[in-house]
Amino acid sequence: MKKLLCLILPVLLLIICPLSVAASASEPETSAPSVLLMDADTGTILYAKDETTERPLASVTKVMTMLLIFEAIDAGQISLEDTVTVSEHAAGMGGSQVYLEAGETQTVDTMIKCIAVASANDASVAMAEFISGSEDTFVESMNARAAELGMEHTHFANACGLDADGHYSCALDIALMSRELTVNHPEVFDYTSIWMEDITHHTAKGDSTFTLSSTNKFLRQYEYATGLKTGSTSQAKFCLAATATRDDVNLIAAIMAAEDSAARIADAVSLFNWGFANCTVYSDENTDVLEDIPVTGGTKDAVAIAYGGAFRYLDTTGSGETLEKSLSLPESLAAPVAKGDVVGKAVYTLGAETVGEVEITAAETVDELTFRDAVNRLFRNLFFGKT
């Protein structure tokens with residue numbers, strides 16, 4: 001039996017969210033009927049109210065539209081430089097738009113700006129058709145992706161968010177798709193951070209300039225805001241998928257059915273301030289060098305090992321405990337050992353509670369020593385000295 005070697009190492013804590021007087025509040029003050037606050041990096045839900053009630057979500061729908069656009073780019077299906085031709089159907093979209101004309105051409109990059117900044121319904125539908133051939137087929141992909149993300153209270157009927165039967169979501173699901181978009185495609189912030197920018201309409205009548213103006217006033221009313229998407233219709237009222245970052249802590253807020261724009265912004269500010277005040281983030285980049293583990297019966301006497309990655313834990317209890325790391329490693333390994341094999345783990349505890357683990361893996365392959373290898377090694381040792 002292999003004996004486990006446990007080393008208790010104090011971890012230098014990176015406390016990203018210091019507690020403040022606001023931490024005494026038991027919960028944030030919000031007026032919207034459905035809200036949710038999530039830590040983007042861990043997916044931890046920090047606060048929720050009526051978070052699974054299904055409601056119209058208006059243009060917050062475009063979070064999913066943008067997610068599928070960026071995934072199509074990553075897959076090589078489309079590129080930012082591709083030219084998109086606007087159809088009659090896309091040009092005929094009502095609501096918020098940038099007044100694209102049928103037959104007009106724009107790059108994918110410009111279309112994303114139109115969607116992220118100006119919440120353009122016409123650009124959203126044009127991109128849906130460009131990627132999937134038709135808006136209906138694109139909507140099928142939206143619903144399939146929602147199912148993959150565990151969005152159990154969401155169904156899309158269009159790509160832009162206009163009120164329609166069977167078009168709804170909930171605060172939890174909005175946070176889930178917002179996290180998927182922002183964590184895996186942070187380049188979206190290059191677009192959502194734009195406040196105002198000119199584009200050029202290219203039509204049969206000639207070229208003309210149009211100014212995109214952000215629909216997300218939250219960007220200018222909260223210093224830590226980074227995005228993400230507003231939405232409002234008569235049925236949905238005022239919705240918001242908001243993102244904010246302070247001291248490397250990334251939070252997502254979902255607000256649905258607020259009475260007006262000011263109310264949804266006030267709710268987002270309240271949620272973020274409460275979250276930043278009440279969370280403590282512990283992180284360990286695991287940059288310390290691990291000693292090689294001896295190997296028996298192998299072509300090498302030891303194998304190099306490495307951490308599987310960094311560690312991050314979000315604490316909302318305000319315990320004030322010290323995070324500790326324990327390395328659980330064998331005294332030796334028997335060959336063969338393949339690169340990537342899990343050989344141990346780093347275990348993190350906060351007080352008496354285990355809060356997470358990081359695998360430790362072999363950083364190289366050590367093959368099993370054959371009879372020929374043993375003879376060759378013996379010969380080298382006898383005539384050339386041990387190497």
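Structural data are supplied above this passage.
Thresholds applied
Residues numbered from 1 in each chain as written. Predicted model: local features only at pLDDT ≥ 70, side-chain atom pairs only at ≥ 80, totals over all residues. Heavy atoms only, no water. Helix = DSSP H or I, 4+ residues; strand = E, 2+ residues; numbered from the N terminus. Buried < 20%, exposed > 50% of the residue type's maximum accessible area, 1.4 Å probe, protein only. Contact = heavy atoms within 4.5 Å. Areas by Shrake-Rupley, 256 points an atom, 1.4 Å probe, with all protein chains shown as cover. Polar contact = N/O pair within 3.5 Å; in protein donor to acceptor, adjacent residues only side chain to side chain. Pairing = 2+ DSSP bridges. Core = buried A, V, L, I, M, F, W, Y, C linked by side-chain atoms within 4.5 Å. Axes fitted to C-alpha atoms, helices over the stretch in contact; angles between N-to-C directions. Left-handed = near helix turned anticlockwise from the far one by under 90°. Nonpolar A, V, L, I, M, F, W, Y, C, P; charged D, E, K, R; others polar. Salt bridge = Lys/Arg side-chain N within 4 Å of Asp/Glu carboxyl O. Phe/Tyr/Trp six-rings, centres within 6.5 Å; stacked < 30°, edge-to-face > 60°. Lys NZ or Arg CZ within 6 Å of the ring centre and 35° of its normal.

Visitor: Just give me the short version of the overall build of the chain, but keep the residues and values in it.
Guide: Each helix and strand in the chain was counted, giving 10 helices and 19 strands. When each of the 387 residues of the chain is scored for burial, the buried share is 47%. In the chain, of all internal contacts separated by at least 6 residues, the share reaching a separation of at least 24 is 66%. By element, 51% of the accessible surface of the chain is carried by carbon and sulfur atoms, the whole surface being about 17900 Å².

Visitor: Report on the environment of N184, specifying residues and quantitative values.
Guide: Counting through the fold element by element, N184 comes out in helix 6 (residues 171-184). Measuring from C-alpha to C-alpha, the distance between N184 and F70 comes to 9.3 Å, with 114 residues separating the pair along the chain. A polar contact of 3.1 Å, which involves the side chain of N184, links it to the side chain of E180.

Visitor: Outline the pairing of strand 16 (residues 323-330), listing residues and values.
Guide: In terms of burial, strand 16 is a largely internal element, 7 of the 8 residues being buried. Where strand 16 lies against strand 18 (residues 342-350), 6 bridges are found, and the strand directions are antiparallel. The residue of strand 18 that forms the bridge with E324 is T349.

Visitor: Lay out the nonpolar core with the relevant residues and their values.
Guide: By size, the foremost hydrophobic cluster in this structure holds 65 residues, and its most contacted members are M64, M127, F156 and M177. In contact with F156, not counting residues within four places along its chain, are L57, T61, M64, V139, M142, N143, A146, M151, G166, H167 and M177. Residues V35, V249, F272 and V281 belong to the second largest nonpolar core, which totals 27 residues.

Visitor: Summarise the packing of helix 1 (residues 62-74) against helix 6; cite the residues concerned and give the values.
Guide: Pairs of packed helices are described in terms of their axes, by the angle between the two and the distance that separates them. The interhelical angle for the contact between helix 1 and helix 6, taken along N-to-C directions, is 30°, at an axis separation of 9 Å. As helix 1 runs across helix 6, the sense of the crossing is left-handed. On helix 6, the residues that touch V63, M64, M66, L67, F70 and E71 of helix 1 are M177, S178, E180 and L181. Classifying every residue of the contact of helix 1 with helix 6 gives 7 nonpolar, 1 polar and 2 charged.

Visitor: Before we move on, can you summarise the sheet that holds strand 3 (residues 45-49) with the specific residues and values?
Guide: The sheet built from 5 strands is open, its strands ordered 3-2-10-9-8 with antiparallel pairing. Every interior strand has two partners, whereas the edge strands, strand 3 and strand 8 (225-233), have only one. Strand-to-strand twist of the sheet, defined as the mean angle between neighbouring strand axes without regard to direction, takes the value 5°. Both strand 2 (residues 34-39) and strand 10 (residues 249-258) contribute to a ladder of 6 bridges, which runs antiparallel. Note on strand 10: the bridge partner recorded for M38 is I252. Packing of helix 9 (residues 261-278) onto the sheet brings it into contact with strand 2, strand 3, strand 8, strand 9 (237-246) and strand 10, and relative to strand 10 it is tilted by some 150°.

Visitor: I'd like a description of the side chain of T61, backed by residues and values.
Guide: Positionally, T61 belongs in the loop between strand 3 and helix 1. Leaving out residues up to four positions away in the same chain, T61 has contacts with M142, F156, N158, A159, C160, G161 and H167.

Visitor: Break down unusual backbone geometry for me, citing the residues and quoting the values.
Guide: In this structure, the amide linkage connecting G227 to the following residue, L228, adopts the cis form with an omega of 25°. Along the chain, the position of L228 falls in strand 8. In this model, A335 is joined to P336 through a cis peptide bond whose omega is 5°. Looking at the secondary structure, you find P336 in the loop between strand 17 (333-334) and strand 18. Even without a glycine there, the phi angle at D50 is positive, about 50°. As for its position among the elements, D50 is in the loop between strand 3 and helix 1.

Visitor: So, the sheet that holds strand 17: which residues are in play, and what are the values?
Guide: The sheet built from 3 strands is open, its strands ordered 13-12-17 with mixed pairing. Edge strands, defined here as strands with exactly one partner in the open sheet, are strand 13 (302-303) and strand 17. Pairing of strand 12 (residues 293-296) with strand 13, which is carried by 2 bridges, proceeds in the antiparallel orientation. Note on strand 13: the bridge partner recorded for P294 is A302.

Visitor: Any chance you could break down the pattern of salt bridges for me, citing the residues and the numbers?
Guide: This model, assessed by the stated rule, comprises 13 salt bridges. Between D39 and R312 there is a salt bridge whose closest N-O contact spans 3.5 Å. On the criterion of sequence distance, the pair formed by D39 in strand 2 and R312 in strand 15 (residues 311-315) is long-range, its members being 273 residues apart. Residue R312 is classed as partly exposed on the basis of its relative accessible area of 25%.

Visitor: Account for the pairing of strand 18, naming residues and giving values.
Guide: By the criterion of burial, strand 18 is predominantly enclosed, with 7 of the 9 residues buried. Where strand 18 folds back onto strand 19 (residues 353-362) in an antiparallel hairpin, the turn is made up of 2 residues, including G351, whose phi is positive at roughly 70°.

Visitor: Summarise the packing of aromatic side chains; cite the residues concerned and give the values.
Guide: By the definition in use, this model includes 10 aromatic pairs. Taken together, a centroid distance of 6.1 Å and an interplanar angle of 65° make the contact between Y99 and F210 edge-to-face. Of the two residues, Y99 is situated in the loop between helix 2 (88-91) and strand 5 (105-107) and F210 in strand 7 (residues 206-213); the sequence distance between them amounts to 111 residues. Overall, the relative accessible area of 53% leaves Y99 in the exposed class. On the accessibility criterion, F210 (22% relative accessible area) is partly exposed. Ring-pair connections join several aromatic residues into one group, and the members of that group are F218, Y222, Y224, F272 and F276. Note that R246 overlies the ring of Y224, its terminal NZ or CZ placed 5.6 Å from the centroid.

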